[in-house]
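Here are the chains, one letter per residue:
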Amino acid sequence: LPMAFRGVNTRRHIGLQQLSSLALAGRTLLGPMKSCKFVVDESTNQSTLICSAVRLTESLDLTSAAGQLLNETIQAQNKEFRTGMSTLLFLVGAWSNAVLECLQQNVPVSAIVSVLSEALNSCCETVYCLQISIHDVNKELCSSSVRPNAYKSKTCQIGCDSLLNPQVFLYSQKDISAPEVIPVNSCSYLEDDSNFKKRLVSPLASFGSIASLVKPAADKSTSVISGSGVIASSCNKQKLTHSRYFSTLGKSHFSSQQGNFQRFLSGPSADPCECYGLGHLAMALSHGNQTSVKLLQNIVAYQQERAECRGSSQFNIAEIVTCCLLGLPESYSHVSPGFVTLVSPEQATVIKYFEDKLLRILLMDGDLTEQYRHLGFNRPCNVRTILEDPSLLEGRDGDLWLSSTLDILISFEVNLVLVKGNVCENLMERCIANSILVIGSVTRDVLCAFGEVTSAQSVTYLTQLNASCVGSGAQVELWKACDGRAMDLGELVPVRIKARGIPLLTAVLTTTVASKMQLIEDQFWTLVYRLHHALNDEKVFLGGGAVELLCLSHIQMLAEQPSQPANKNAVKEFRNPWLAASATEYTSVVLQALANGWKQYLSVVLCNTAKAASELEACTSVDHHLKKAAECGSPSAYILKEFRRGALLRGGSGHFADRGEGLKVYDNVTAKTEAWRRALDLVLLVLQTDAEIITGPKRNQLLNSHVSNEFMFL
C-alpha cells in the first residue's frame, strides 16, 4: 500500500490524493468481466483471491484517515445492498481527480461543493426515464429469442433429499427448452455417477409468475404473466404425477396440484412467459455469473412453489443460507433443502447414531458458555467479585456448571442443540460422550426456521428451559454429494439438518481452490441481493453503461450553459449570496470535470471487457454515442433505442455478445444511485477536511452549513 502513495503531493489536499490512489487499485474490479486479484498475507504467506471492492479494502492496511473513511463507506454500501461497491470505489477515485482538477484551476471549494451536489441530484432525476418495471423486463425478454437456458452447465443443482423427495424430474441436456420429463426415485439417479452426468436437473422447473411478485394492489386486471410449470416435448408420453416441492404437504394437496402440473406438461403454453417467471430477471441481473444464477433459479423455483401453496408470493432471503465445502469440484455445487453445515469428526459419529431418528431440538439465542451474559446485563451492585479468572475455577465452579448444564439437557431428553453463538469446548466434549449434538455459530434466521416447524422456542440461558421450549421432529444426516456418497473432508464433515416442512434452503458452494472459496460465496450473495432489491424496487435500470452514458450526456449539456446554475433555486440554498455567485461563475469548469469522471467510468468498463484495445479507443466509442445522442435531440430516446437494438456501447457490458447469448443486462436502481451519492459525499467530506487543514476552520464556516447534511451517514 505505501507504494500507492509515492508521488503524492504532501503540501495540498492529501486526503483527496490518497482516495485517488486507493481507488486506482480497484480499476480492474469494474464491470461484469472483472480481473481478480491475489492478496497475499506477508505474515502467513497465504493468498486470497478477491474480486470486489469490499474484500480489497478489507485486505489493505488502511491507516490513513481517508482510507478508513473509504472503508467505512464501502462497508455501509455492502451492508445495505451487497452490490455497487466497485462502482462506488471507482467513482470515489474519479471524482477525487475531478475535484483536484478544479482546485488546480483555482475554483473555490464552495463552488465545487454546490455544483457537484446539484449536478448529481440533476443526474439522478434525469435517469428516471431509463427505469423499467420488472414486469416489463420479463415481458420484453420473453418476447425475444432468449430463453433462460442460455447458461448450460453440468452442475448438480438439487441435492438428494430422501425424506422430503419421493420423486424429482430431470431434463435431458440435449434440449432444455423442450425437456424430456423423467420421473425417478429421489436418490436412484445419484447412485450411478455416469448416468447422472448425462442428465441435468432443470433450474427452471415450475417457476412462478413474476407478475404475482410485483403487481400493484390497485391493479385488478388479469396479468398475462401467470402460472408456473414447464413445457414438455409433444412426443413425451411420460407424465409427472407430482413434484418434489409438494412432498412436505398432505396427500390432498398432491391431488389438487396434480392437474396443474399435467396441464403444463400437456403441451406448449399460449404465453411463453408462464414458463420462466423470474428466470429472465435473475440472468439479466447476474452479469454473466453462470454458476450463481443456476443456483438462484433453483431457489426461486422452490420458494415460489411454496409461496403459491401458502397463498402468498415473495422471494425470501431469510430462508437462504450457504455452506462452503473446500475440496470438491465446483460441479458439486447445488441447492439442498434444510440446513447444511460443517461439524467435527467426533460430532459426525453422533450423527450416524441419530440417522433416521426424530430428534428433540433446543434453540439457544446466545453463547452456551458459563461466562455469557446477554446484551444489557448489569451486575448486581451489592455483589463483590473475589476472583474472575475462569482458569482458576475449572476444577470447582467450572465442573459444577458443566455438570448442571449437562443434567438439564439430559433431563429434557434433548438430542440436538443449535446455538447462535459460541459453545464451551468442554461442554461440547461431554455432550458428544452423552450422544447430544451441539452446533454453534448458527444464524438467527436458521433458528427461526427450525423454531417454526418444530415448535421449539429459543432461550438465552439453560436455566430458562422448560418442556414447552423443546421442539421435536428434527432429523440429521451426513450430507451426500451429487453422486450419493457421504463426504469426509478431513477435519470437518458436512451434515444436513432438516425437519418436515422447513422452508430453509442451503446453497452448497464447492471448489478445490482454497483462495477461491470466498469469491464464490460473495458472487452468490451479490446475485441474491440484486434480485431481492429489484423485487423491492419493482424496477431496474438499463444496464451496460446506459445510465452512465445518459448522465454524461446530461452533464455535458449543462456544461454548455455556463451562465445558468445547475439549479435555479441554488441562490436560495445559501445564506451568503457570494457562494451562489461563485458557484455560477465556475459551473462550466466543475461540470466538465464531473463529466470526465463519467467518461472515465465508461471507458474503463469497455477496456475491462476487452472490447476496446485502449482507453483512447474506448473514449472514441463513447464520444461517438454522445454525438449521435445529441443529433437525435433526445439522448434518453437514443440510448433506449440503441439498448434494445443491442448496439449501445457495442461489445461492452450491455450484452453478452461474446458468448453468443444476446442476453441484456440490468442494474438495481436504489443500489446504484446510493453508490453515486455515497461516493460524492465521501469526496466532499475529505475535501472539506483538507480545506480546513490548509486554510483553517474559520474560512470554511459558510461551507460547513451547506455540506454538513451531506455526511450524516458517516
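These notes cover the structure that comes with them. Counting of residues starts from 1 at the beginning of each chain's written sequence and follows it residue by residue. With pLDDT at 70 or above as the cut-off, local features in this predicted model cover only qualifying residues; side-chain atom pairs require 80 or more to be listed or tallied, and sums for whole chains, interfaces and linings still use all residues. For the side-chain quantities, the full set of heavy atoms in the structure was used; hydrogens and water were omitted.

1. Quick notes on the sheet that holds strand β13 (residues 471–478)
Sheet strands line up and pair through hydrogen bonds in the backbone, either parallel or antiparallel. In this analysis, strands are considered paired if DSSP registers two or more bridges between them. The helix and strand labels rest on DSSP assignments: H or I over at least four residues marks a helix, E over at least two residues marks a strand, and numbering proceeds from the N terminus. As summarised here, the arrangement of the 6 strands in space is β9-β14-β13-β10-β11-β12, forming an open sheet in which the pairing is mixed. One side of each edge strand has no neighbouring strand; the edge strands of this open sheet are β9 (339–343) and β12 (437–439). In this sheet, adjacent strand axes meet at a mean angle of 35° when their direction is disregarded. Pairing between strand β10 (residues 359–364) and strand β11 (residues 416–419): 4 bridges, direction parallel. Within the sheet, the bridge partner assigned to leucine 362 lies in β11 and is valine 417. Together, β9, β10, β11, β13 and β14 (493–499) form the strand contacts of helix α16 (residues 444–454), whose direction differs from that of β10 by roughly 140°. Fitted lines through C-alpha atoms give the axes, limited to the stretch in contact for helices. The angle between two N-to-C directions lies from 0 to 180 degrees. Contacts are residue-level and defined by heavy atoms, with any inter-residue pair within 4.5 Å sufficient.

2. Points about helix α18 (residues 546–559)
One less than the number of residues in a helix, times 1.5 Å, gives the span that helix is expected to have. The end-to-end C-alpha distance of α18 is 20 Å, a good match for the 20 Å that 14 residues give at a rise of 1.5 Å each. Any residue under 20% of the maximum accessible area for its type is buried, any over 50% is exposed, and the rest in between are partly exposed; the area is computed with a 1.4 Å probe on protein chains only. Within α18, 12 of the 14 residues are buried, leaving the element largely enclosed by the surrounding structure. All of the buried residues along α18 are Ala546, Val547, Glu548, Leu549, Leu550, Cys551, Leu552, Ser553, His554, Ile555, Leu558 and Ala559.

3. Quick notes on the environment of lysine 611
Structurally, lysine 611 is set in the loop between α20 (587–608) and α21 (615–632). Given a relative accessible area of 35%, lysine 611 falls into the partly exposed group.

4. Quick word on the sheet that holds strand β7 (residues 320–326)
The strand order across the open sheet built from 3 strands is β7-β15-β8, with neighbouring strands paired in mixed fashion. Only two strands of the sheet have a single neighbouring strand rather than two, namely β7 and β8 (334–337). Going from strand to strand, the sheet's axes swing by 30° on average, the running direction of each strand aside. In terms of strand pairing, β8 meets strand β15 (residues 505–511) through 4 bridges, oriented antiparallel. Bridge assignment links proline 337 to a residue of β15, and that residue is leucine 505.

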